[in-house]
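Residues per chain are reported as follows:
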Amino acid sequence: MPFTKLGLSKPLLEGVQAMGYGEPTPVQLRAIPPALAGRDVIASAQTGTGKTAAFALPALQKLGSHGKLRCLVLEPTRELAMQVETSMRDLARFTDLKVGSIFGGVGYGAQRSALRSGLDVVVATPGRLEDHLQQGTIKLDHVEVLVLDEVDRMLDVGFLAPMKRIIAKCPKVRQTLFFSATLPPEIAELAGWALREPERIEIGAGRSVASMVKHGVYLTDQGGKFGMLLALLAATDYQSVLVFSRTKHGADRIAKRLRANNHSVAVLHANRSQNQRIEALEGFKSGRYGIMVATDIAARGIDVAGVSHVINYDIPVHPEDYVHRIGRTGRAQRTGDAFTLVAHDEMKKLAAIERFIGQKIDRLHLEGQNVPKHGEEAVAPRRPKLEPRLDGRAAPTRRRRTFRR
Ligand code: AMP
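These numbers were taken from a predicted model, which means no experiment stands behind them. (Residues numbered from 1 in each chain as written. Predicted model: local features only at pLDDT ≥ 70, side-chain atom pairs only at ≥ 80, totals over all residues. Heavy atoms only, no water.)

**Structural notes on the overall build of the chain**
Then, in step 1: For the chain, the helix and strand inventory stands at 15 helices and 16 strands.
Then, in step 2: Looking at the 405 residues of the chain, the share that counts as buried comes to 55%.
Then, in step 3: In the chain, of all internal contacts separated by at least 6 residues, the share reaching a separation of at least 24 is 75%. (Helix = DSSP H or I, 4+ residues; strand = E, 2+ residues; numbered from the N terminus. Buried < 20%, exposed > 50% of the residue type's maximum accessible area, 1.4 Å probe, protein only. Contact = heavy atoms within 4.5 Å.)

**What to know about the nonpolar core**
Then, in step 1: Phe-55, Leu-57, Leu-60, Val-73, Met-88 and Val-121 are the most contacted members of the largest nonpolar core, which totals 39 residues.
Then, in step 2: At eight residues, the largest contribution of residues to this core is made by helix α3 (residues 51–63).
Then, in step 3: Not counting residues within four places of it along the chain, the set of residues in contact with Leu-60 comprises Leu-12, Met-88, Leu-91, Ala-92, Leu-97 and Val-121.
Then, in step 4: Of all hydrophobic cores here, the second largest spans 30 residues; its members include Ile-138, Leu-140, Leu-160 and Ile-166. (Core = buried A, V, L, I, M, F, W, Y, C linked by side-chain atoms within 4.5 Å.)

**Side note on the packing of α3 against helix α4 (residues 78–91)**
Two measures define how a pair of helices packs: the angle their axes make with one another and the distance between the axes.
Then, in step 1: Close contact between α3 and α4 brings their axes to 10 Å; oriented N to C, the two are set at 50 degrees. Regarding the angle of α3 to α4, the classification is oblique. The handedness of the crossing between α3 and α4 is right-handed. When α3 is examined against α4, the residues Thr-52, Ala-53, Phe-55, Ala-56, Leu-57 and Leu-60 are found in contact with a partner set consisting of Val-84, Ser-87, Met-88 and Leu-91. (Axes fitted to C-alpha atoms, helices over the stretch in contact; angles between N-to-C directions. Parallel < 35°, antiparallel > 145°, perpendicular 65-115°, else oblique. Left-handed = near helix turned anticlockwise from the far one by under 90°.)

**Here's the deal with the sheet that holds strand β5 (residues 145–148)**
Then, in step 1: A sheet is described by the order of its strands in space; here seven strands give the open sequence β3-β4-β2-β5-β6-β1-β7, paired in parallel fashion. Strands at the two margins of the open sheet, each flanked by one partner only, are β3 (99–102) and β7 (199–203). Within this sheet the neighbouring strands show an average axis-to-axis angle of 15 degrees, counted without direction.
Then, in step 2: As paired strands, β3 and strand β4 (residues 121–124) are joined by four bridges and run parallel to one another. (Pairing = 2+ DSSP bridges.)

**Side note on the side chain of Ser-101**
Then, in step 1: Relative to the helices and strands, Ser-101 is located in strand β3.
Then, in step 2: Within the structure, the side chain of Ser-101 is placed 2.8 Å from the side chain of Glu-85, a separation counted as a polar contact. (Polar contact = N/O pair within 3.5 Å; in protein donor to acceptor, adjacent residues only side chain to side chain.)

**Observations regarding the packing of aromatic side chains**
Then, in step 1: This model, assessed by the stated rule, comprises three aromatic pairs.
Then, in step 2: Here the basic side chain of Arg-128 rests over the ring of Tyr-108, its NZ or CZ set 3.7 Å away from the ring centre.
Then, in step 3: Just above the ring of Tyr-313 sits the side chain of Lys-225; from NZ or CZ to the centre is 5.8 Å. (Phe/Tyr/Trp six-rings, centres within 6.5 Å; stacked < 30°, edge-to-face > 60°. Lys NZ or Arg CZ within 6 Å of the ring centre and 35° of its normal.)

**Quick word on the pairing of strand β13 (residues 336–342)**
Residues in a regular strand project their side chains so that they alternate between the two faces of the sheet.
Then, in step 1: Within β13, seven of the seven residues are buried, leaving the element largely enclosed by the surrounding structure.
Then, in step 2: Here β13 shows two buried faces, one formed by Gly-336, Ala-338, Thr-340 and Val-342 and the other by Asp-337, Phe-339 and Leu-341.
Then, in step 3: Of the pairings in the sheet, the one linking strand β8 (residues 213–219) to β13 comprises seven bridges and is parallel in character. Across the sheet, the residue bridging to Gly-216 is Phe-339, located in β13.
Then, in step 4: As judged from the four bridges shared by strand β12 (residues 309–312) and β13, these two strands associate in the parallel manner. What sits directly across from His-309, in β13, is Asp-337.

**Notes on α4**
Then, in step 1: Over its 14 residues, α4 runs 20 Å from end to end, which matches the ideal 20 Å to within 8%, given 1.5 Å per residue.
Then, in step 2: With ten of 14 residues buried, α4 lies mostly within the body of the structure.
Then, in step 3: Of the residues making up α4, those classed as buried are Glu-79, Leu-80, Ala-81, Met-82, Gln-83, Val-84, Glu-85, Ser-87, Met-88 and Leu-91. (Expected span 1.5 Å × (residues − 1).)

**Points about the sheet that holds strand β9 (residues 241–244)**
Sheet strands pair via backbone hydrogen bonds, and the direction of the pair is either parallel or antiparallel.
Then, in step 1: Strands sit in the order β10-β11-β9-β12-β13-β8-β14 across an open sheet of seven strands; the sheet is parallel. In the strand order of this sheet, the two ends are held by β10 (265–268) and β14 (362–363), each with one partner.
Then, in step 2: On the sheet, helix α12 (residues 274–286) packs against β9, β10 and β11 (291–294) and is oriented at approximately 135 degrees with respect to β10.

**So, the packing of helix α5 (residues 109–117) against helix α6 (residues 126–135)**
Then, in step 1: At their nearest, the axes of α5 and α6 sit 12 Å apart, and the two run at 65 degrees to each other. Read as a crossing pair, α5 and α6 show a hand that is right-handed. In this structure, α5 uses Gln-111, Arg-112 and Leu-115 to contact α6, whose residues at the interface are Arg-128, His-132 and Gln-135.
Then, in step 2: Here the residues of the contact of α5 with α6 sort into one nonpolar, three polar and two charged. (Nonpolar A, V, L, I, M, F, W, Y, C, P; charged D, E, K, R; others polar.)

**So, unusual backbone geometry**
Then, in step 1: Backbone geometry at Glu-150 places phi at a positive 50 degrees, although glycine is not the residue there.
Then, in step 2: By the element assignment, Glu-150 lies in the loop between β5 and α7 (151–156).
Then, in step 3: Owing to a relative accessible area of 3%, Glu-150 belongs among the buried residues under this scheme.
Then, in step 4: In this structure, Asn-262 is a non-glycine residue whose phi angle is positive, near 65 degrees.
Then, in step 5: Relative to the helices and strands, Asn-262 resides in the loop between α11 (248–260) and β10.
Then, in step 6: Looking at Asn-262, the relative accessible area reads 67%, which means it is exposed.

Structure (structure tokens):
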């Protein structure tokens, strides 16, 4: 079914077209009609399924044209708040609706003046929103559409209580759109309290790995991981690689060693300042950095078009994070590869992930490489010099090598 059959207004259809979306994704097909009819929606959908437009389009349509602050979107991280703000602003570009965001780590001045100038939609993280509520710089009395996004991650980062206080400050008569990758009991309880007779939507159970992603594991040991990473990078014709580290300290260390090996690397984790995080993300998106090393919380939900590879340097601690991490690649109909480096002491976690996703993950071997044995480092081939391209991005001149699966 095309977008034109969903009952969206002309300016929003133009916005969709300008974004280059062809057909609605499954979550959009299922969520947009009931949301447009004014119903509450609870959707469990993986990231990368197009859920932002699934809530943004009906919310923007309900607002119609510029007026009071009538739509509040809550996000667990600053990066997501920025990303969703950008998507909503892009979709609303042919309307006169004003979209802004408020999140911590930056000054209050610009946010106060944006709020004063009159916003229809605010995309916010709970902590900074509560500060503004206390200071009286924002009022939620006219909110008609409340969007709670990535609710399971809100819980992980300790935002459940602030989120409940914020919901309680919104009018009781409102439309609530609720998105969470998983629905553990605390979240189901919150949904029961915040939603009225919602339409329930489940897209590809939160346990499944996006079908566009080819994924596999390389067995190694802790001492061999960095060499294995270098060997993988050298053997892979990547556009942009997201490397996941379990800890912030680990992410810094991996980035430092990669830089020492002439890779251009950005780092994203919660200990970095807001400016550093923005610079890292922007640099990675623009192709200035071919590699970004990140921790789970920082990278959750981040949408970087064209992430060609995800490498789990450390195996995720929570099995559901495996699905989220490798969901960073292969987003929106693109294909991607995801590799996990598994040390001997991580085999139990690998088994837990395989149980969670209900599938055995392929064991891979690097062809023609010195695969590290216990206690050794892999010998990486020399990385060829990168030729500059006209668009300013570094173009790999490496020959694509295949992996034996
Ligand atoms: P999301 O799950 O909302 O983060 O979206 C993931 C990616 O899919 C984003 O880059 C969106 O711009 C893109 N996207 C969303 N809807 C569509 C669509 N109908 N067709 C193609 N791409 C889409």
